[in-house]
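Here are the chains, one letter per residue:
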Amino acid sequence: MALNEYKPGTAFSGVIGRTFDVSTPAWPEPVRAKEGAPNILFIVLDDTGFGQMGCYGSPIETPNIDQLAKDGLLYRNMHTTALCSPTRSCILTGRNHHSNAMSGVTELSTGYPGSNGNIPFENGFLSEILLQHGYNTYALGKWHLTPTYQISAAGPYDRWPLGRGFERFYGFLGGGASQYFPELVYDNHSVEPEKTPEEGYHLNDDLAEKAISFIADAKQIAPTKPFFMYFCPGATHAPHHVPKEWADRYKGKFDDGWDAYREKTFAKQKELGIIPEDTELSRHDPDVPEWDSLSDGERKLYARMMEIFAGFLTQTDYHIGRIFDFLKSIGEWENTIVMFISDNGASAEGGPTGSVNEMKFFNNIPDSLEENLEKLDELGSPSTFNHYAWGWTFAGNTPFRRWKRETYRGGVSDPFLVHWPKGIKAKGEVRTQYTHAIDILPTILELIGIEAPTAIRGVTQSPIQGVSFAHTLDDTDAPTNRHTQYFEMFGHRAIYHDGWRAVCPWPGTSFKESGAFFGAPIDKDKLVELDTTAWELYNIEEDFAENHNVADRHRAKLIELITTWYVEAGKYNVLPIDSRGTLKFADERPKIAVDRTSYTYYPGTQMVPANASPSLFNRPHSITADVVIPDEGAEGVLISAGDVQGGYGFFMQNQKLHYVYSYAGSQFFYVDSDVEVPKGPHKLRFEFEVTGEPDVAVGKGAPGTGRLFIDGELVGQGEIPVTMPLLFGLGGGIVCGADIGSVVCNRYESPFRFTGTLHGVTVDVSGELIVDHEHAMKVIMARQ
């Protein structure tokens, strides 16, 4: 029985006699939504900037999204947290991100109330509320709201989508996914895509198909039952994956560069009335080179990167339009509230030169223009994990400065559209009221006439921190209900209050000017210095794009706002400030299982997510496979981890044993055996001995020597001079007996399942290695 099928605690109103003939039945009353209750569709894009959609002045074609603005409302003052998971928690709970324990993404959680990644059950999700009021509830696409150590098959499942009020889920639990090889979860279990890229698979297409089928499944049985759908495509987060024909639609359209893009988009925004007429375009970012200063090769590469991004966004719009068309075809469009938002500003995670592999950014690995140019024709394909250069990032946030992860308006001021033909009279208008992602939930509750619950499943609820903006839907001159809003992301802080905005940039107004980069730590002495000297002040009623710092002229106002920031920080669990950025990937976090040094994996099981796997980075380790080789021999992967972004594979091919290490998909180090593996039972082993120190700051993990053994006898050795220091990728966990999806190297094709008998593979991180390497090397040399 579903949780929402019958009203709990309803008293029995019939008669119970000694036998049925003198008794009167009375059924529990089904929970039904109010007659005429609207459907609710949230569409949350990822890393899409203020100036990247057609309705916000961009030359990128987004006709279906634009139609929402034409027939609905466009908000120019919606704000987010500057990062994905935190914003999504705000949207679904109506509470601030630190109140949700989501100071950053779950992978960077720390052990404090505002940052441990466990969204309190006291902060109920909209899905949990609507479930109690007769709604079907669906979530599709990106989730990224479960602590990373809780997303394996071992659970717990209470913070997965189905544990937080969604009846059905199809998507991925992490922060990003390959559009060709996503790590899919269907409800509470892993599944593989139904097609390959060669057969036409793309995640956007898949998600749209599932969204339509979820709605159709229920509507054919209960046509008047409303639904809440939380639809979150991976777009336009990297990788910018899209079939070539979509990217080629923009061939040559960005050859004039990011400076020209900004100017054209800025002019269009004024023409459309999206920004105030007196808005000034923000300065040219010091971290971004002038387009005309670039070489021919750089311009060619960067223009193609933007063509691919534009094609990706247009293709995403197309598949969103398919959902709209289906709702129209079944007569549900007019009474569906659509709220469309991006979770933060455009992303700079491609770095100054862009990247064919976004994981280089997260491992502090510098990108190479030469390597990127070599991959020019592969950009957008399954062989890359590409991201554009940050010149396009700052252009995508026009008219604002900076980008995702920073609390300038380029990071936190984002597109927001509201569309509800049956419930909103106004059409095609721009709304100027100040709003934040936490205001969405209370607005929905007011629109559908539901009070916020005092308890959900027996858990007393915390006060909702957002305020409704429902009064603005049909009144362009309605007052702003939100007067104060704090911001904090990786030590970058800001506070808004009644038209004034104070910003404390970290590590500075730009990386070039500050000499520091994302992840620079703030200690207690540095915090005092920043609070004394670094805060800036803007009157955004007069200076929409934050161009004129008036801190010196309004010192009293600045001090007032800094004080207010600390008051809000204390109220919402913001402290302690932790600006270490990607360095936090290396922090120890809780594990579901008891900590141990030996891990055994079995073939035919689900992928083990990276965060539930033993960390092999910068430490000695061994991998031992317990196999039986049949008379005809065997081949295939014994164990693999990672994907095209980086990783390793331990495998047999041509009857010999092999190991491959992929350093960010750009360097491949092989250790190959010189003898065949005999038939019968064997212990096949790989060892990694650390031979030097890592240098994480420059993207270099510990170097080492790799060795292969058959039943304890050394059969191969090779140097692995550099390794990835922090992580392999957004996905790419451990798979036993195969390498599914995007493979680690090109020596084999997915899934390359092991054809012998594989009892299990044990990964040992105790540091205990076979010690008599000198004798073993004499043996192997004697065979040469």
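As the structure is a prediction and not an experimental result, all values here were calculated from the model. (Residues numbered from 1 in each chain as written. Predicted model: local features only at pLDDT ≥ 70, side-chain atom pairs only at ≥ 80, totals over all residues. Heavy atoms only, no water.)

Some points on the pattern of salt bridges
All chains considered together, the criterion is met by 42 salt bridges. The residue Asp-285 makes a salt bridge to Arg-402 at a minimum N-O spacing of 2.9 Å. Of the two residues, Asp-285 is situated in the loop between α6 (257-272) and α7 (296-329) and Arg-402 in the loop between α10 (390-396) and α11 (409-412); the sequence distance between them amounts to 117 residues. Each of the two residues, Asp-285 as well as Arg-402, counts as buried. (Salt bridge = Lys/Arg side-chain N within 4 Å of Asp/Glu carboxyl O. Helix = DSSP H or I, 4+ residues; strand = E, 2+ residues; numbered from the N terminus. Buried < 20%, exposed > 50% of the residue type's maximum accessible area, 1.4 Å probe, protein only.)

Side note on the sheet that holds strand β20 (residues 621-629)
In spatial order, the strands read β19-β29-β20-β25-β26-β27; together these 6 strands make up an open sheet with antiparallel pairing. The outermost strands of the open sheet, each flanked by one partner alone, are β19 (598-601) and β27 (713-720). Shown here is a sheet whose adjacent strand axes are inclined to one another by a mean of 15°, direction ignored. Taken together, the 7 bridges between β20 and strand β29 (residues 757-764) define a ladder with antiparallel strand orientation. Bridge pairing in β29 places Val-628 opposite Thr-757. (Pairing = 2+ DSSP bridges. Axes fitted to C-alpha atoms, helices over the stretch in contact; angles between N-to-C directions.)

Topic: the environment of Gly-665
Topologically, Gly-665 is positioned in the loop between β23 (656-663) and β24 (667-676). Setting aside residues no more than four positions away along its own chain, Gly-665 makes contact with Asn-357, Val-644, Gln-645 and Gly-646. (Contact = heavy atoms within 4.5 Å.)

Re the packing of helix α1 (residues 63-71) against α7
A pair of packed helices is captured by two measures, namely the crossing angle of their axes and the spacing between those axes. Their axes nearest at 7 Å, the elements α1 and α7 cross at an angle of 60°. Judged by the inter-axis angle, α1 sits oblique to α7. When α1 is examined against α7, the residues Pro-63, Asn-64, Ile-65 and Leu-68 are found in contact with a partner set consisting of Asp-317, Tyr-318, Ile-320, Gly-321 and Phe-324. Residue composition of the contact of α1 with α7, grouped by class: 6 nonpolar, 2 polar and 1 charged. (Parallel < 35°, antiparallel > 145°, perpendicular 65-115°, else oblique. Nonpolar A, V, L, I, M, F, W, Y, C, P; charged D, E, K, R; others polar.)

Notes on the side chain of Thr-137
Examined against the element boundaries, Thr-137 turns out to sit in strand β4 (residues 136-142). The exposure class assigned to Thr-137 is buried, which follows from its relative accessible area of 0%. Within the local environment of Thr-137, its side chain forms a polar contact with the backbone oxygen of Gly-165, the two atoms lying 2.7 Å apart. (Polar contact = N/O pair within 3.5 Å; in protein donor to acceptor, adjacent residues only side chain to side chain.)

Concerning the side chain of Thr-472
Tracing the backbone shows Thr-472 in the loop between β14 (459-460) and β15 (484-489). Residues contacting Thr-472, with those up to four places away along its chain left out, are Tyr-75, Arg-431, Gln-433, Ala-478 and Pro-479.

Quick look at unusual backbone geometry
Cis peptide bonds are those with omega within 30 degrees of zero, and the linkage from Thr-398 to Pro-399 qualifies with 10°. With respect to the secondary-structure elements, Pro-399 resides in the loop between α10 and α11. Each neighbour pair has its own omega, and for Ser-750 with Pro-751 the value is 0°, a cis peptide bond. Within the secondary structure layout, Pro-751 lies in the loop between β28 (734-736) and β29. Phi at Arg-457 takes a positive value of approximately 50°, unusual for a residue other than glycine. Here Arg-457 lies in the loop between β13 (455-456) and β14.

Comments concerning the packing of aromatic side chains
All chains considered together, the criterion is met by 43 aromatic pairs. Between Phe-42 and Phe-228, the ring centres sit 5.2 Å apart and the planes meet at 80°, which makes this aromatic pair edge-to-face. Remark: Phe-228 occurs in strand β8 (residues 227-232) and Phe-42 occurs in strand β1 (residues 39-45); sequence separation between them is 186 residues. The buried category is assigned to Phe-42, whose relative accessible area is 2%. Taking relative accessible area as the criterion, Phe-228 reaches 0% and is therefore assigned buried. On the basis of an interplanar angle of 45° and a centroid distance of 5.4 Å, the ring pair of Phe-400 and Phe-544 is categorised as tilted. Taken as a pair, Phe-400 in the loop between α10 and α11 and Phe-544 in the loop between β18 (536-539) and α15 (555-571) lie far apart in primary sequence, 144 residues in all. For the pair Phe-400 and Phe-544, a shared accessibility class is recorded, and that class is buried. Put simply, the rings of Phe-42, Phe-125, Trp-143, Phe-166, Phe-169, Phe-228 and Tyr-230 touch in pairs and so form one group of aromatic residues. Of note, Arg-402 hangs over the ring of Phe-511, and the distance from its end group to the ring centre comes to 5.0 Å. Just above the ring of Trp-565 sits the side chain of Arg-493; from NZ or CZ to the centre is 5.0 Å. (Phe/Tyr/Trp six-rings, centres within 6.5 Å; stacked < 30°, edge-to-face > 60°. Lys NZ or Arg CZ within 6 Å of the ring centre and 35° of its normal.)

Focus on the sheet that holds strand β16 (residues 492-497)
Pairing is antiparallel across the open sheet formed by 4 strands, whose spatial order is β15-β16-β17-β18. Because the sheet does not close on itself, it has two edges, and the strands there are β15 and β18. The average angle at which neighbouring strand axes cross in this sheet is 15°, direction not considered. Across 5 bridges, the pairing between β16 and strand β17 (residues 500-504) is antiparallel. Its bridge partner being in β17, Tyr-496 is matched across the sheet by Arg-501.

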